[in-house]
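# Summary of structural features
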Amino acid sequence: MTRLTKAFALGTALALASPALAEVTVLGWPGGPEETALRAATEAYNARPETTEDNKVELIFFSREGFFDKLAADLAAGTTAFDVNLIATYSIGRYAPFMTPVDLGSDAAGTFGESVLSTMQYEGQQYGVPTDLSLHFMYYRKDLIDQLLADTAAQQKYSEIAQQYLGEALTPKAPDEWTWRDWAATALYFTQAVNPDSPTRYGSVLQMKNLLFNMMVFQSLPRSYGADWTDEQGNVTVDSEAYRTGLEMYKMLLDAGATPADSLSYEYPEANAAFQSGQVATMLQWNAAATDLLNAETSPATAAATATVAPPAGPEGRFTHVHGLGLGVNKNAENPEGAQQFLQWLATPAAMEIYAKAGGAPGLTGAALDAVKGDRPDLAQLGDYAANYGYVMRGATSANALSVYELQAKEFTGYWAGSETLDEALANTTTGMTDLLKPQQ
Amino acid sequence: MSEVGFETLRAPQLEGFGNFADVLRDEAFWDSLGFSLRFGTLTAVLEVALGLFLAVFLAPILQRHAWLLAILTLPMMVAPAMMGLMYRLVLHEFVGPVPHYLLAWFGTSPAFLAPGNVFWTVVVIEVLQWTPFTLLLFHLAYGSISGEIREAARMDGAKGWWMFRRVEFPMMLPTFGVALAIRFIDGVRVFDNIYVLTGAGAGGSTMSLPIYIYTSFFRGGNIGAALAASVLFALASFLILALAWRFAQRRPA
């Protein structure tokens with residue numbers, strides 16, 4: 001018994017004291033195509049003959065829930081648990097004090113293009129490799145829209161519904177010509193609570209949970225009506241007709257039953273599940289969902305009939321929120337040289353080809369894009385939308401940008417749920433944003 | 001207390017009791033406190049009532065088949081965060097079994113997480129998970145009542161409801177108090193299952209006090225205010241426990 005106990009204790013001590021086999025530890029974005037792609041790229045990197053044993057990469061992931069909160073706490077506490085960590089355009093200002101700028105080498109501009117590289121820049125310095133570009137597509141059921149456009153009686157019904165809910169007898173249009181009002185009329189038409197003959201239960205599925213990412217999805221609507229967080233002098237301008245129009249349109253659709261009544265608890269996976277069920281006609285969603293929604297294996301009921309276009313237009317044009325996810329170097333990294341080497345390799349066309357073919361969504365250009373667009377035609381669309389419709393709200397890369405999104409999520413969802421008026425929600429948002437966006441001392 | 005965020009974690013600036021004042025002026029703090037107290041009280045009462053009923057009602061069966069207790073207490077084995085995740089699936093209109101069968105059988109299904117229903121949904125989830133705990137306590141307390149006492153009561157003509165109310169329940173009263181206190185404390189500090197299921201809720205509708213502290217700390221990056229709220233929470237808890245302890249000490253007299 002004593003011998004056994006000693007042997008167990010010794011074994012445990014040895015196991016705990018053993019150095020990790022990998023010497024560059026990378027904290028990635030968990031649970032989506034980004035993780036799959038990063039695993040594939042890492043495997044290829046570790047298999048290269050030039051990669052020495054002490055520079056091999058090991059990946060770690062923790063839950064997506066509260067990811068950026070945990071990362072902030074780790075970085076602020078001076079963690080050495082990882083050498084490379086995830087960053088996002090909207091959080092660079094928050095994390096830059098705890099990170100080291102990176103040199104991606106001369107190939108990087110040719111791989112990504114300057115505008116995509118800039119999504120990982122803060123105060124003129126490059127803080128990471130832009131591995132994934134995130135923006136929004138309008139996913140829609142092509143079969144249903146085609147049927148509507150070919151059916152005169154249906155068009156009459158559509159106009160009646162538009163007149164009743166939007167005060168204007170709109171006529172159906174092709175999705176790439178949609179304004180937000182056309183989209184809203186389409187969503188209402190395909191809602192059984194509004195139109196009992198609708199082939200789908202809901203015309204859309206809105207992600208309305210009190211969650212910062214949902215605010216990013218929502219804001220392309222008010223943006224197309226001219227919304228911005230502040231004016232050029234830094235005054236908060238969220239209490240505007242543009243925001244009012246967007247917020248009221250979402251509430252009208254929720255109240256009319258054009259999105260599930262549970263939508264105030266919906267985020268990315270819930271919305272995708274609703275669309276994949278075949279009971280939803282349209283959905284504004286992240287481009288990352290295309291991998292699943294357009295794949296017949298993962299979306300057997302809908303993939304063949306699903307198509308995508310850019311988000312609808314407003315009086316000021318067509319817009320999509322855009323941000324980059326990327327990987328940068330922890331200031332307290334134990335192996336900063338190894339981390340730099342890995343990131344430099346990741347910024348090459350060869351690495352990005354592996355990454356993209358494994359499901360990642362990098363914003364590529366030139367030869368790097370040509371090498372993958374046969375397998376990933378959506379990446380060409382991604383670059384096109386980012387260049388033509390991409391926007392970043394004024395103040396949305398500041399150190400408190402995430403807190404602004406959090407504040408908006410709480411106040412806007414409060415209005416949608418009916419627990420506060422639109423005036424109250426916008427007044428509270430303005431007060432909070434003014435405090436969060438005031439110049440740092 | 002200090003003016004401190006993640007950027008100034010290692011160089012905080014002292015600012016007296018400003019953080020406490022900020023927290024006490026924050027409407028969301030009082031809303032979250034109200035949510036926690038309502039949730040804690042309601043779930044504690046329901047769990048204790050159900051646990052007591054089941055322990056007494058199922059006593060003859062549990063005496064013969066004690067292994068059934070292991071099955072009945074299984075929900076306690078599930079981590080609260082996993083419980084929240086599970087109900088995200090179970091209650092989802094398009095993939096969840098509950099809405100599916102309700103729609104199939106009755107042609108309609110309530111939106112369990114809609115603003116009007118979400119409070120009761122999280123209460124029911126909490127009660128389903130933790131009633132087994134009170135059942136276990138009451139089962140042990142009920143089983144520990146001496147057969148001789150019951151026999152003596154029967155000799156005096158006691159039976160049924162009268163026996164329970166006048167003889168058995170008074171003997172289980174200490175367990176009743178302990179169960180109520182433990183479940184109230186657990187309910188007030190609820191975090192995991194609600195946070196995973198609905199987050200802070202639309203407009204903060206499911207924001208318990210721990211969720212308020214968490215969101216202030218991490219999401220708002222307002223560490224000083226979050227710590228001030230934590231200190232206030234700890235002081236309030238201490239006060240409640242001290243009062244409860246004093247009450248318990250006085251009861252024998």
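Rules and cut-offs
- Residues numbered from 1 in each chain as written.
- Chains lettered and ligands numbered in written order.
- Predicted model: local features only at pLDDT ≥ 70, side-chain atom pairs only at ≥ 80, totals over all residues.
- Heavy atoms only, no water.
- Buried < 20%, exposed > 50% of the residue type's maximum accessible area, 1.4 Å probe, protein only.
- Helix = DSSP H or I, 4+ residues; strand = E, 2+ residues; numbered from the N terminus.
- Pairing = 2+ DSSP bridges.
- UniProt positions renumbered as here; feature names shortened; annotations may be inferred.
- Expected span 1.5 Å × (residues − 1).
- Contact = heavy atoms within 4.5 Å.
- Salt bridge = Lys/Arg side-chain N within 4 Å of Asp/Glu carboxyl O.
- Polar contact = N/O pair within 3.5 Å; in protein donor to acceptor, adjacent residues only side chain to side chain.
- Nonpolar A, V, L, I, M, F, W, Y, C, P; charged D, E, K, R; others polar.

## Comments concerning the pairing of strand β3 (residues 84-88) of chain A
Residue and element names in this part refer to chain A. Taking burial as the measure, the 5 residues of β3 include 5 buried ones, the bulk of the element. Of the two faces of β3, the one holding V84, L86 and A88 and the one holding N85 and I87 are both buried throughout. With 2 bridges joining them, strand β1 (residues 24-27) and β3 adopt parallel strand pairing. Its bridge partner being in β3, L27 is matched across the sheet by N85.

## Comments concerning the UniProt feature "transmembrane region" (unreviewed entry) in chain B
When the UniProt feature table is mapped onto this chain numbering, "transmembrane region" (unreviewed entry) sits at residues 39-59, 66-87, 118-142, 163-182, 194-214 and 226-248 of chain B. Within the segment residues 194-214 of chain B, helix and strand shares are 52% and 0% respectively, and the terminal C-alpha atoms sit 13 Å apart.

## Section: helix α12 (residues 241-256) of chain A
Residues and elements named next belong to chain A. Its 16 residues place the ends of α12 22 Å apart at the C-alpha level, agreeing with the 22 Å of an ideal helix rising 1.5 Å per residue. Of all the 16 residues making up α12, 12 are buried; the element is thus mostly covered by neighbouring parts of the structure. Those residues of α12 not exposed but buried are A242, Y243, R244, G246, L247, M249, Y250, K251, M252, L253, L254 and A256. At its buried positions, α12 is contacted by α8 (152-166), α9 (180-189), α10 (212-218), α11 (220-224), α19 (401-417) and α20 (422-436). One or two residues past the end of α12 sits G257, with phi positive at roughly 85°.

## Description of the interface of chain A and chain B
In this complex, chain A contributes 36 residues to the contact, which on the side of chain B involves 32 residues. Taken together, the links from chain A to chain B amount to 3 salt bridges. The shortest N-O distance in the salt bridge between B:R88 and A:E270 comes to 2.7 Å. Applying the counting rule to chain A against chain B returns 10 residue pairs in polar contact (both at pLDDT 80 or more). Of all elements in the fold, only α3 (67-76), α13 (268-276) and α19 of chain A reach the threshold of two or more residues within the side of chain A that touches chain B. In terms of residues, the side of chain A that touches chain B owes the most to one element, α19(A), which gives 6 residues. Broken down by class, the residue content of the side of chain A that touches chain B amounts to 16 nonpolar, 10 polar and 10 charged.

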